[in-house]
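Descriptive analysis of the structure
Now for the letters of each chain:
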Amino acid sequence: MKKFTSVQDVADLNGLVKEALHLKENPYQYKKLGENKTLGLIFLNPSLRTRLSTQKAALNLGMNVMVMNLDKEGWALETQDGAVMNGTTVEHIKEAAAVMGQYCDILGIRSFPKLQNREEDYSEDLLQQFISYSKAPIVSLESATRHPLQSLADLLTINENSPAGKRPKVVLTWAPHVKAIPQCVANSFAEWMGQADVDLVITHPEGYELSEEFTAGATVTTDQQEALERADFVYVKNWSSYQDYGKVLTDGKGWMLTDEKLEATHNAKVMHCLPVRRNVELSDEILDGACSLVLEQANNRTYAAQAVLKQMLESL
Amino acid sequence: MKKFTSVQDVADLNGLVKEALHLKENPYQYKKLGENKTLGLIFLNPSLRTRLSTQKAALNLGMNVMVMNLDKEGWALETQDGAVMNGTTVEHIKEAAAVMGQYCDILGIRSFPKLQNREEDYSEDLLQQFISYSKAPIVSLESATRHPLQSLADLLTINENSPAGKRPKVVLTWAPHVKAIPQCVANSFAEWMGQADVDLVITHPEGYELSEEFTAGATVTTDQQEALERADFVYVKNWSSYQDYGKVLTDGKGWMLTDEKLEATHNAKVMHCLPVRRNVELSDEILDGACSLVLEQANNRTYAAQAVLKQMLESL
Amino acid sequence: MKKFTSVQDVADLNGLVKEALHLKENPYQYKKLGENKTLGLIFLNPSLRTRLSTQKAALNLGMNVMVMNLDKEGWALETQDGAVMNGTTVEHIKEAAAVMGQYCDILGIRSFPKLQNREEDYSEDLLQQFISYSKAPIVSLESATRHPLQSLADLLTINENSPAGKRPKVVLTWAPHVKAIPQCVANSFAEWMGQADVDLVITHPEGYELSEEFTAGATVTTDQQEALERADFVYVKNWSSYQDYGKVLTDGKGWMLTDEKLEATHNAKVMHCLPVRRNVELSDEILDGACSLVLEQANNRTYAAQAVLKQMLESL
């Protein structure tokens, strides 16, 4: 694997899932593979789960890890081609990416969207330039439009918890939030579920339609309760509008998931990528109850990252 | 050992001290013990000695270490049970602690008191919630009311420098400072000395009485010179008022420790946990002189942490 | 080697260059050397290349690395001897350096000049105090007046790219910038070239003369085009005035290096330490063209650092 930025980068999705579950059984069995190999983790935004789970995954494989908060410890990056750099940016991504690629065998990078200009965000300019200018394989640690390590961990979790002998019904439901949140996790989840052996239903208030490039094959409805009927998994997530880009269109009162709403489901398991705003997106009763898979999703982040890193190490 | 937050968590204090001094002789003899084990160090406040010595201790045991400045690199934590998280906190400690405990075999956490509400600080809410919600063993890297790794290092240092065949007299003396400082180090030192084979005298200006839960067995006086009489060790430390909580009651002129004051002692060794405000808490002449143990205390931080981590690794 | 702060600390320059090139061929051949040894990297300023390449170098030698952003994660340092520390500084360098030297076998430190007081900056007070108070060997990661790891990497790069059988002509040319930049890289490059088998010409606008302590043996001219004549290497760098200390005296229009100017050279290779302001210091055409060595310089940072660390480890 040369890059891991979306489900399209995965040649064999079932194989990758199996790899991850195999690593989960014995995380240390490939410690020789990463010997003398270095993973560089570049953060332009905060991170807890991704930071720690990806480090852990690399250490499990015997790699060295160098973490850099580029926004705080390094220099402001220029991404414009041909820019006359007489402003506030100190280093062009051409040099920064190339240099970091020389020091590291694999690079991970996190860069959030600004939510101001849809075309700019959806061009994935920064991520694409990293790929172009760095010779090292690149793992997205969440980019402007996707969060593939999260989606792989989500798929592992669904796999482990699916009712036997049945194609599960998975519902992605929009939830309220207090600020404008990227579409990344929702886009990415929809895109991965589209490749998985599940029935996906997406529900959200009007105006929150995701870009169709991610939702192919899914049923989309604005009726949350109808969507939840006989669901096996309910994935809760807020996102800001894609149409009226980056905007919060409604306070969403009534969309918070509660035990009462879950009654219509098929004893559904509840998922969220974390961090979660308790009692805004999801009620305490669900998060603290038996149907919550949120901690197991977070736990699976390690093995998702480890499977990706393993395949990259094997193709170095 | 399942947690290390105060001297009460130590089943055999003499054994732990012996362990640490044994590790100091040959720090690398247990490098197999930490293989494939990860220590997570979570900082909500600045740290130099604790950060580096605890990392070093873990590396000496063959562990991997992941360091996270949660205040800067992660998300603002909610600690209130039942909170409707529509404000500035992004993640509840229930999730954060549980997730980090999944990625790490042992967690260390530093969180200072706010010095605004005594009950809140002395409830050690954040530390207790970390313990409750994380399944990993927890090491306090300084909490709202205690600094146990410092106290263990202090006890090692006293052990190594005690006059032969004598129960030493140890004086904890308040010192001036320019701002309001937590009571942690003083509380903790008093509490540990209470379990050690020493005579403890505590001296401070009126109004600086520590909570009695820490000072049992100690002689307390507001006469600094009387306290210093024939002392073998003088531990210098500022703290803000416990009674008039978090307040600075006096500029403390006259309480700075000097060579002249030390004349009354039994050639006392002088201790301080660092960082120290030179010529405010302690004079240059003492810090640069032969009686200062401050660097040796800092050095012993490594072996204190290593002994604790070793016992935790053994009980995983 | 006990310290590495300037070319004067290198007993055998040719030997050090050979060592570095030897390590570049097989970076992992001395992994036993660094076993149980710890490198501490202390940053008081941002860093990308130095941070990552020095970490990488240490990992290649089997060392452990602890990185500390002292400005953000630790305490504000006092450097004044005899200071009454009742202001904003929290810890004296006497303690900080001594303590970090206890936890680490080798320390690297980065501290930029303030460009306000020439005497203060050129006294290298902070670096000298680190050396005095820490017992560990010290590597400069760029100090107020020099950047020796960069200069060693530059020398390696010149060595690898020199025309056969010829003493190369090396030109250090001043370039425009948008803000006041230290003289470190220019000073250091001049100083190292003065010890190397090259002819050095330095060119800059009037008022930008470097201190003569660094430029001994070099030809200095304010005529850039004359300087470039038949050059084999052109090293591009901005610096603020040494005479009118820290000031920007001219916008330098006309000093940016372009392909046109390079025509007078002997197919010169172009060098820059990075980060570079594109189309201000250097044109895109050069940076993206075949004559640029900037990425190779950055790559050689690893082996420069590794050679220095290796010699330090050998003399522990």
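Residues numbered from 1 in each chain as written. Chains lettered and ligands numbered in written order. Predicted model: local features only at pLDDT ≥ 70, side-chain atom pairs only at ≥ 80, totals over all residues. Heavy atoms only, no water.

1. Remarks on the interface of chain B and chain A
This is how it is decided: Any two residues whose heavy atoms approach within 4.5 Å are treated as being in contact. The rule for a salt bridge is simple: a side-chain nitrogen of Lys or Arg has to be within 4 Å of a carboxyl oxygen of Asp or Glu. Polar contacts, as counted here, are pairs of nitrogen or oxygen atoms within 3.5 Å of one another; within protein the pair requires one atom able to donate a hydrogen and one able to accept it, and residues that are adjacent in sequence qualify only if both atoms are side-chain atoms.
Across the boundary between the two partners, chain B contributes 30 residues, which contact 33 residues of chain A. The tally of links between chain B and chain A comes to 4 salt bridges. Of the charged contacts, one joins Glu73(B) and Arg51(A) as a salt bridge, the two residues approaching to 3.7 Å between their closest N and O atoms. For the pair chain B and chain A, the number of links is 18 residue pairs in polar contact (both at pLDDT 80 or more).

2. As for the UniProt feature "binding site: N(2)-succinyl-L-ornithine" (unreviewed entry) in chain A
Residue and element names in this part refer to chain A. Definition in use: UniProt positions are given in the numbering used here, feature names are shortened, and annotations may be inferred rather than shown by experiment. Put simply, DSSP H or I for four residues or longer makes a helix, DSSP E for two residues or longer makes a strand, and each gets a number counted from the N terminus. Residue burial is assigned from relative accessible area. The probe radius is 1.4 Å, only protein chains are included, and a residue is buried under 20% of its type maximum, exposed over 50%, and partly exposed in between.
Feature annotation in UniProt places "binding site: N(2)-succinyl-L-ornithine" (unreviewed entry) on Glu142, His177, Lys237 and Arg277, given in this structure's numbering. Tracing the chain through its elements places Glu142 in the loop between strand E7 (138-140) and helix H7 (148-161). Position of His177 relative to the elements: it lies in the loop between strand E8 (169-174) and helix H8 (184-195). On the basis of relative accessibility, which here comes to 16%, the residue His177 falls in the buried class.

3. Describing the interface of chain B and chain C
Note the following rule: Reported buried area values correspond to the accessible surface (1.4 Å probe) lost by two parts on association, with both partners' losses combined. When residues are grouped by polarity, Ala, Val, Leu, Ile, Met, Phe, Trp, Tyr, Cys and Pro land in nonpolar, Asp, Glu, Lys and Arg in charged, and all others, Gly among them, in polar.
The interface of chain B with chain C comprises 32 residues on the first partner and 30 residues on the second. Contact with chain C buries area across many residues of chain B, yet Leu48(B), Leu52(B) and Arg278(B) alone supply 22% of it, more than any other trio. Run the count over chain B and chain C and you get 4 salt bridges. On the surface where chain B and chain C come into contact, there are 18 residue pairs in polar contact (both at pLDDT 80 or more). For the side of chain B that touches chain C, the secondary-structure elements that each account for two or more residues are helix H2 (49-60), helix H12 (284-287) and helix H13 (294-314) of chain B. Take the side of chain B that touches chain C: its biggest share by element is 7 residues, from H2(B). Of the residues assigned to the side of chain B that touches chain C, the class counts are 14 nonpolar, 7 polar and 11 charged.

4. Overview of the relation of the copies chain B and chain C
Rule in force here: Here the copies are matched by least squares. The fit uses the C-alpha atoms of residues with pLDDT of at least 70 in both.
With an RMSD of 0.0 Å, chain B superimposes on chain C once it is rotated by 120 degrees and translated 0.0 Å along the axis. Taken together, these values place the two copies in the relation of a three-fold axis. The residues that chain B uses at the interface reappear at the interface of chain C in only 3% of cases, marking distinct surfaces.

5. With respect to the sheet that holds strand E11 (residues 233-237) of chain C
All names here are of chain C. Put simply, the rule reads: In short, DSSP must find at least two bridges between two strands for them to pair. Interaxial angles span 0 to 180 degrees and are taken between N-to-C directions of axes, which are lines fitted to C-alpha atoms, for helices over the stretch in contact.
Strand order across the open sheet formed by 5 strands is E10-E9-E8-E11-E12, with parallel pairing between neighbours. Where the open sheet ends on each side, the last strands, each with one partner, are strand E10 (219-221) and strand E12 (269-271). Sheet twist, expressed as the average angle between the axes of neighbouring strands with direction ignored, equals 20 degrees. Its contacts with the sheet put helix H7 (residues 148-161) on strand E8 (169-174), E11 and E12, and the angle it makes with E11 is roughly 155 degrees.

6. With respect to the UniProt feature "domain: Aspartate/ornithine carbamoyltransferase Asp/Orn-binding" (unreviewed entry) in chain A
Per the UniProt annotation, the sites labelled "domain: Aspartate/ornithine carbamoyltransferase Asp/Orn-binding" (unreviewed entry) are residues 185-311 of chain A. Across residues 185-311 of chain A, the secondary structure splits into 36% helix and 13% strand, with the terminal C-alpha atoms separated by 23 Å.

7. Some remarks on the pairing of strand E6 (residues 106-110) of chain A
It is a general feature of regular strands that their side chains alternate between the two faces of the sheet. All names here are of chain A. Of all 5 residues in E6, 5 are buried; the element is thus mostly enclosed. As defined by bridge partners, strand E2 (residues 38-43) adjoins E6 across 5 bridges and the pair is classed as parallel. Bridge assignment links Ile42 to a residue of E6, and that residue is Ile109. Of the strand pairs in this sheet, E6 and E7 are connected by 3 bridges, and their pairing is parallel. The partner of Gly108 across the bridge, within E7, is Val139.

8. A few points about the relation of the copies chain B and chain A
It takes a turn of 120 degrees to lay chain B on chain A, together with a shift of 0.0 Å along the axis; the resulting RMSD is 0.0 Å. Of the residues that chain B buries at the interface, just 3% are likewise interface residues in chain A, meaning the two copies contact each other through different surfaces.

9. Looking at the pairing of strand E9 (residues 199-203) of chain C
All names here are of chain C. The cut-off we apply is this: A crossover counts as right-handed when, viewed with the strands pointing away from the observer, the path leading from the first strand over the helix to the second turns clockwise.
Of all 5 residues making up E9, 4 are buried, and the element is well covered by its neighbours. In the sheet, E8 pairs with E9 via 5 bridges, with the strands oriented parallel. Across the sheet, residue Val170 finds its bridge partner in E9, namely Leu200. Assessed by its sense of winding, the connection that carries the chain from E8 through helix H8 (residues 184-193) to E9 is right-handed. Looking at chain direction, E9 and E10 are connected through 3 bridges and run parallel.

10. Regarding the environment of Leu172(C)
All names here are of chain C. Mapped onto the fold, Leu172 is located in strand E8. Along the primary structure Leu172 and Pro27 are separated by 145 residues, whereas in three dimensions their C-alpha atoms are 30 Å apart. Contact partners of Leu172, with chain neighbours within four places excluded, come to Ala186, Phe189, Leu200, Val201, Ile202, Thr203, Leu210, Tyr235, Lys237 and Trp239.

11. Examining the packing of aromatic side chains
The description of two aromatic rings rests on the distance between their centres and on the angle between their planes. Note the threshold: Under the pairing criterion, centres of Phe, Tyr and Trp rings, with the six-membered ring standing for Trp, must be within 6.5 Å; the plane angle then separates stacked pairs below 30 degrees from edge-to-face pairs above 60, leaving the rest tilted. Lysine NZ or arginine CZ positioned within 6 Å of the ring centre and within 35 degrees of the ring normal marks a charge as sitting over the ring.
If you walk through the whole model with that rule in mind, you get 21 aromatic pairs over all chains. Consider the rings of Tyr122(B) and Tyr245(B), whose centres lie 6.0 Å apart with planes at 80 degrees: the pair is edge-to-face. Within this pair, whereas Tyr122(B) is found in helix H5 (residues 118-122), its partner Tyr245(B) is found in the loop between strand E11 (233-237) and helix H11 (259-262), the two being separated by 123 residues in sequence. With relative accessibility at 17%, the residue Tyr122(B) sits in the buried group. Between Trp174(B) and Trp255(B), the aromatic rings sit 6.0 Å apart at their centres with planes inclined by 90 degrees, giving edge-to-face as the arrangement. On the criterion of sequence distance, the pair formed by Trp174(B) in strand E8 (residues 169-174) and Trp255(B) in the loop between E11 and H11 is long-range, its members being 81 residues apart. Trp174(B) gets classed as buried once you look at its relative accessible area, which sits at 1%. Here a set of aromatic residues connected by ring pairs shows up, and it is made of Tyr122(A), Phe214(A), Tyr242(A) and Tyr245(A). For the cation-ring pair, Lys310(B) lies above Tyr30(B), with the distance from its terminal atom to the ring centre recorded as 4.4 Å. Stacked on the ring of Phe43(C), the Lys or Arg Arg51(C) has its end atom at 4.4 Å from the ring centre.

12. Digging into the side chain of Arg49(C)
In this fold, Arg49(C) is placed in helix H2 (residues 49-60). Polar side-chain contacts of Arg49(C) include one of 2.8 Å to the side chain of Glu91(A).

13. Some points on the domain arrangement of chain A
Residues and elements named next belong to chain A. Rule in force here: Here the limits of each domain have been adopted from an automatic or database domain assignment.
Taken as a whole, chain A is organised into domain 1 (3-146 + 301-314) and domain 2 (150-297). Just the C-alpha atoms count here: the centres of domain 1 and domain 2 sit 25 Å apart. On the side of domain 2, 30 residues touch domain 1, which itself brings 28 residues to the contact. Of the roughly 2400 Å² buried between domain 1 and domain 2 on both sides combined, carbon and sulfur atoms contribute 64%. For the pair domain 1 and domain 2, the interface holds 4 salt bridges. The salt bridge partner of Glu296 is Lys24, with a shortest N-O separation of 2.6 Å. Remark: the boundary between domain 1 and domain 2 carries 10 residue pairs in polar contact (both at pLDDT 80 or more).

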